[in-house]
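Overview (structure and organization)
Residue strings, one per chain:
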Amino acid sequence: MTRMDRTRSTVIALASTAAIAALASFTPSTASAADYDMDCKLILCMPAGFPSGCSDAFDHMIDRLRDGKSPIGFCAMSNGAEYDRYDIDYMWRQPTTREAWNCPPDKTLFHDVSSDGEGFFNRSVTTFCYDTAYRRRSWTGPDGYQITTSYTNMSPPEYNNLWVNMTLNPDTPDQFTQGWQKFDTGRYSSVRVQYTP
């Protein structure tokens, strides 16, 4: 296990502990439907970045968002009241924004948006990760010189169109947040995306 893996494991463990501590004062009521239980699990899983065992909570969140709802629904405490000791912000990132794409730390992101006509749906995105860009100037005859660029070790970037920031126990000494987390929801716009220049 690398130092980075140990650090990530520690952060996830701390996030899970904070989330469990925040929710320790309640248990879902027996009258709660399965969706309510899943919303409580979502509150536990999100601050830790959806670690192993949380894929169903992540899918639940994505289903809610696709239905036009907020990421988290009603999580019932044992007295039937809603658990609401959290703040959540989220935003969608379109493929046309550089922020939606991520490369490994040792690579550079290429991102270009072109338009084939009027309107949003006529745009296309060319994006990829690369190691080095080489520019070459060559003589083209009557037109003079032309500059061409070639890229080494190209690969597709990671697309994260949903950014979520959740804070447990806001404005208290027990406040906890992982900051903005980025997820690929599998939900794409109609913009054409290609991964080669």
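What you are looking at is a predicted structure, and each value in this text was computed from that prediction instead of being measured. (Residues numbered from 1 in each chain as written. Predicted model: local features only at pLDDT ≥ 70, side-chain atom pairs only at ≥ 80, totals over all residues. Heavy atoms only, no water.)

**Some thoughts on the overall build of the protein**
Within the protein one finds 3 helices and 11 strands. For the protein, the succession of helices and strands along the chain, N to C, is α-α-α-β-β-β-β-β-β-β-β-β-β-β. Counting across all 197 residues of the protein, residues that qualify as buried make up 36%. Considering only contacts in the protein between residues 6 or more positions apart, those separated by 24 or more positions represent 57%. Accessible surface, the protein as shown: approximately 11800 Å² in total, 50% of it carbon and sulfur. (Helix = DSSP H or I, 4+ residues; strand = E, 2+ residues; numbered from the N terminus. Buried < 20%, exposed > 50% of the residue type's maximum accessible area, 1.4 Å probe, protein only. Contact = heavy atoms within 4.5 Å. Areas by Shrake-Rupley, 256 points an atom, 1.4 Å probe, with all protein chains shown as cover.)

**Re the layout of surface pockets**
Of the pockets and cavities examined, the largest pocket occupies roughly 160 Å³. Around the largest pocket, the lining residues are Asn-102, Glu-158, Asn-160 and Lys-182. A class-by-class count of the residues in the lining of the largest pocket yields no nonpolar, 2 polar and 2 charged. (1 Å grid on protein atoms, 1.4 Å probe; cavity = no way out; pocket = protein on both sides within 12 Å on 5 of 7 lines; lining within 4 Å. Points joined across faces, edges and corners; volume = space filled by probe spheres on them. Nonpolar A, V, L, I, M, F, W, Y, C, P; charged D, E, K, R; others polar.)

**Concerning unusual backbone geometry**
Across residues other than glycine, the phi torsion is negative in most instances, and most of the peptide bonds are trans. Phi is positive for Phe-50, which is not a glycine, with a value near 55 degrees. In this structure, Phe-50 sits in the loop between helix H2 (34-45) and helix H3 (55-66). When its relative accessible area of 13% is taken as the criterion, Phe-50 is described as buried. Positive phi values are uncommon outside glycine, yet Asp-171 reaches one of about 60 degrees. Note on placement: Asp-171 falls in the loop between strand E8 (162-168) and strand E9 (176-177).

**Some details on H3**
The terminal C-alpha atoms of H3, which comprises 12 residues, lie 16 Å apart, in line with the 16 Å expected from a rise of 1.5 Å per residue. Of all the positions in H3, only Ala-57, Phe-58, His-60, Met-61, Ile-62, Arg-64 and Leu-65 are classed as buried. With its phi angle positive at about 80 degrees, Gly-68 sits one or two positions after the end of H3. (Expected span 1.5 Å × (residues − 1).)

**Regarding the pattern of salt bridges**
It is possible for side chains bearing opposite charge to pair when their charged atoms get close. All chains considered together, the criterion is met by 1 salt bridge. Across the salt bridge formed by Lys-41 and Asp-56, the nearest N and O atoms sit 2.9 Å from each other. You can see Lys-41 sitting in helix H2 and its partner Asp-56 sitting in helix H3, a full 15 residues away along the chain. Judged by relative accessible area, which is 26%, Lys-41 ranks as partly exposed. Judged by relative accessible area, which is 34%, Asp-56 ranks as partly exposed. (Salt bridge = Lys/Arg side-chain N within 4 Å of Asp/Glu carboxyl O.)

**Points about the state of the cysteines**
Applying the stated rule across the entire model yields 3 disulfides. Across the disulfide, Cys-103 is cross-linked to Cys-129 (sulfur-sulfur distance 2.1 Å). An S-S torsion of about -95 degrees defines the bridge between Cys-103 and Cys-129 as left-handed. Note that Cys-103 is positioned in the loop between strand E2 (101-102) and strand E3 (108-115) and Cys-129 in strand E4 (residues 123-130), a separation of 26 residues in sequence. Judged by relative accessible area, Cys-103 falls into the partly exposed class, the value being 21%. Cysteine pairing for the protein (bonded cysteines numbered in sequence order): 1-4, 2-3, 5-6. (Disulfide = S-S within 2.5 Å.)

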